[in-house]
Amino acid sequence: MLKIAYHPIYKHPLPEGHRFPMEKYELLPQQLLYEGTCHSSNFFEPKKPNDKHILAVHTPEYYYDLVNITLDQRAARKIGFPLSEVLVEREVIIADGTLKASEYALKYGVAMNIAGGTHHAYTNRGEAFCLLNDQAIGSRYLQSKGLVKKILIVDLDVHQGNGTAEIFQNDDSVFTFSMHGKGNYPFKKEQSDLDIALDNDADDSTYLDILKQTLPRLIEDQEPDFIYYLSGVDVIATDKLGKLGMSIGGCKERDRFVLQSCKDLNIPVMCSMGGGYSPDIKTIVEAHANTFRLAQDIFF
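Parameters and conventions
- Residues numbered from 1 in each chain as written.
- Predicted model: local features only at pLDDT ≥ 70, side-chain atom pairs only at ≥ 80, totals over all residues.
- Heavy atoms only, no water.
- Helix = DSSP H or I, 4+ residues; strand = E, 2+ residues; numbered from the N terminus.
- Buried < 20%, exposed > 50% of the residue type's maximum accessible area, 1.4 Å probe, protein only.
- Contact = heavy atoms within 4.5 Å.
- Phe/Tyr/Trp six-rings, centres within 6.5 Å; stacked < 30°, edge-to-face > 60°.
- Lys NZ or Arg CZ within 6 Å of the ring centre and 35° of its normal.
- Axes fitted to C-alpha atoms, helices over the stretch in contact; angles between N-to-C directions.
- Parallel < 35°, antiparallel > 145°, perpendicular 65-115°, else oblique.
- Nonpolar A, V, L, I, M, F, W, Y, C, P; charged D, E, K, R; others polar.
- Pairing = 2+ DSSP bridges.
- Salt bridge = Lys/Arg side-chain N within 4 Å of Asp/Glu carboxyl O.
- Core = buried A, V, L, I, M, F, W, Y, C linked by side-chain atoms within 4.5 Å.

Engineer: What exactly am I supposed to notice about the overall build of the chain here?
Structural biologist: When helices and strands are tallied, the chain shows 10 helices and eight strands. Dimensions of the chain, computed from the C-alpha atoms along their principal axes, are close to 45 × 45 × 40 Å. Considering the chain as a whole, with its 300 residues, one finds that 58% of them fall into the buried category. Restricting the contact set of the chain to residue pairs at least 6 apart, pairs at least 24 apart contribute 74%.

Below you can see the structure in the form of C-alpha cells.
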C-alpha cells in the first residue's frame, strides 16, 4: 500500500498576502481522496519524534533556539515565516512524517510525505521556508538504525539543495545530487556531490534529456540502498519563483522516470514534495498530485 504522511498542522496560518501557498497541504490530500487515487487508509498521521533524531543533523544551539523561540531576529527573518511554537511543532512533525515514510518505503518500495523537502535548512540555520532538513534527518535515522548504508538524494526542486549539500559535505555515505536553475535562489550555491545547473527557460526536452542521461549512470556508480526524491514542482514555466520552462506534462514525465527507475532497480524511494509557487493553486495541486498518481500506478 502507498503510505502518505499527512497532519492537519501542515497547513499553517500565515499573514494575509504571504507568497507561500500553504493551502496546498490541505487541498492535495483532498484531491487525491476525491479522485480515488488514495483512500483514507493510505494516510498516516506523524507525531513529534525523539529530539535525538533531529540532533543527529542539527546543532543543539540552533534546534533549541527554534524550540524556545529565542532565535535572533536576523536568523528568523531568513526563514521567511513568522516564528512561533506552532510553526516549530509543524516542522518537527513534518520531519517525523519523513522518518516514518522512510520505513514504509523500505517495506513497500515507496512512500510519500505531503510536505517536506526542506532542503535549505543547514546544520545550524534555516532559510527560505525551511527550518529542519527532513530528508537529512531521515537519512541519519535509517543509517543509525542499521537499515541502510548508502543513500542517494535526488533533489529536482528548481532551487539548489544548499542545506543538504552542507550537511553531507564530508560524508561519503550520502550522495547529494541537485539539478536546479542556474540563475535562481540560492545565489551563492553550496557544492553538492553532483550539481547540474540549468539555464533559464530550459524546456521539457532539455531537462529530461539531461536527467535521463544522468540518473541511471549515477545509480550504477553509487549503488545506493535507498533514494530520497525531492519532487518540487517549481520547475514548471508558470512558477513565480522558478525561471525554468517545463510543462506540467514534462514535470510528470520527470517523476515517472525517477519512480520507474527506482521500481525497476528495486531501490526503495521516499518522496518529499518540495516547492511549487504557480499563481493558480490548481496548477500546484495538479502537478503535485501527479507524483502520487504515478507512485500508485508504478508500485501498486
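Engineer: Looking at this structure, I do not really get the packing of aromatic side chains. What am I missing?
Structural biologist: How two aromatic rings sit relative to each other is set out by the distance from centre to centre and by the angle between their planes. In this structure the tally under the stated criterion is 13 aromatic pairs. A centroid spacing of 5.7 Å and a plane angle of 80° characterise the contact between Y6 and Y10, whose relative ring orientation is edge-to-face. Pair check on accessibility: Y6 and Y10 agree, each one buried. What links up through ring pairs into an aromatic cluster is the set Y6, Y10, F20, Y25, F81, F129 and Y277. Its guanidinium or amino end placed over the ring of Y104, K3 lies 5.5 Å from that ring's centre, counting from NZ or CZ. Sitting over the ring of Y122, R125 keeps its end group 3.7 Å from the ring centre.

Engineer: Please explain the packing of helix α8 (residues 204-222) against helix α9 (residues 248-264) as it appears in this structure.
Structural biologist: Packed helices, taken two at a time, are described by the angle between their axes plus the distance between the axes. One can describe the packing of α8 onto α9 by two numbers: an axis separation of 10 Å at closest approach and a directional angle of 10°. By the angle class used here, α8 and α9 are roughly parallel. Mapping the contact onto sequence places D204, Y207, L208, L211, K212, L215 and P216 in α8 and G250, E253, R254, R256, F257, V258 and S261 in α9. Considered class by class, the residues forming the contact of α8 with α9 number seven nonpolar, two polar and five charged.

Engineer: In this structure, what is going on with the sheet that holds strand β5 (residues 174-181)? I would like to understand it.
Structural biologist: Whether parallel or antiparallel, the strands of a sheet pair through hydrogen bonds between backbone atoms. As summarised here, the arrangement of the eight strands in space is β2-β1-β3-β8-β7-β4-β5-β6, forming an open sheet in which the pairing is parallel. Edge positions in the open sheet fall to β2 (43-44) and β6 (194-198), since each of these has one partner strand only. Strands in contact with α8 are β4 (151-155), β5, β6 and β7 (226-230); relative to β5, the strand with the most contacts, it is inclined by about 175°.

Engineer: How do you make sense of the pattern of salt bridges when you look at a structure like this?
Structural biologist: Note that side chains of opposite charge can pair when their charged atoms are close. Here the structure, examined in full by the defined rule, presents 13 salt bridges. Close ionic contact of K78 with E127 constitutes a salt bridge, the shortest N to O distance being 3.9 Å. Note that K78 is positioned in helix α4 (residues 73-79) and E127 in the loop between β3 (110-113) and α6 (134-144), a separation of 49 residues in sequence. Close ionic contact of R140 with D171 constitutes a salt bridge, the shortest N to O distance being 2.7 Å. In this pair, R140 sits in helix α6 while D171 sits in the loop between α7 (162-167) and β5, placing the two residues 31 residues apart along the sequence. Owing to a relative accessible area of 15%, D171 belongs among the buried residues under this scheme. Among the charged side chains, a network of salt bridges with common partners joins E35, E286 and R293.

Engineer: Help me understand the side chain of H159 in this model?
Structural biologist: Note on placement: H159 falls in the loop between β4 and α7. Dropping the residues within four chain positions of it, H159 is found in contact with H119, H120, S178, H180, N184, Y185, D234, L241 and Y277.

Engineer: It is not clear to me how the nonpolar core should be interpreted in this structure. Could you clarify?
Structural biologist: Proteins that are soluble and globular tend to have nonpolar side chains buried together. Counting residues in hydrophobic clusters, the biggest one holds 95 residues, and the most contacted among them are Y10, I114, F177, Y207 and L259. With near-sequence residues (within four places) excluded, Y207 lies in contact with L156, M179, L198, V235, L244, M246 and R254.

Engineer: Looking at this structure, I do not really get α6. What am I missing?
Structural biologist: Since there are 3.6 residues in each turn of an α-helix, residues three or four apart along the chain are aligned in direction. Burial analysis of α6 places nine of its 11 residues in the buried class, which makes it a mostly covered element. Those residues of α6 that sit buried are D134, Q135, A136, I137, G138, S139, Y141, L142 and Q143. Note on α6: the residue one or two positions beyond its end, G146, has a positive phi of about 70°.

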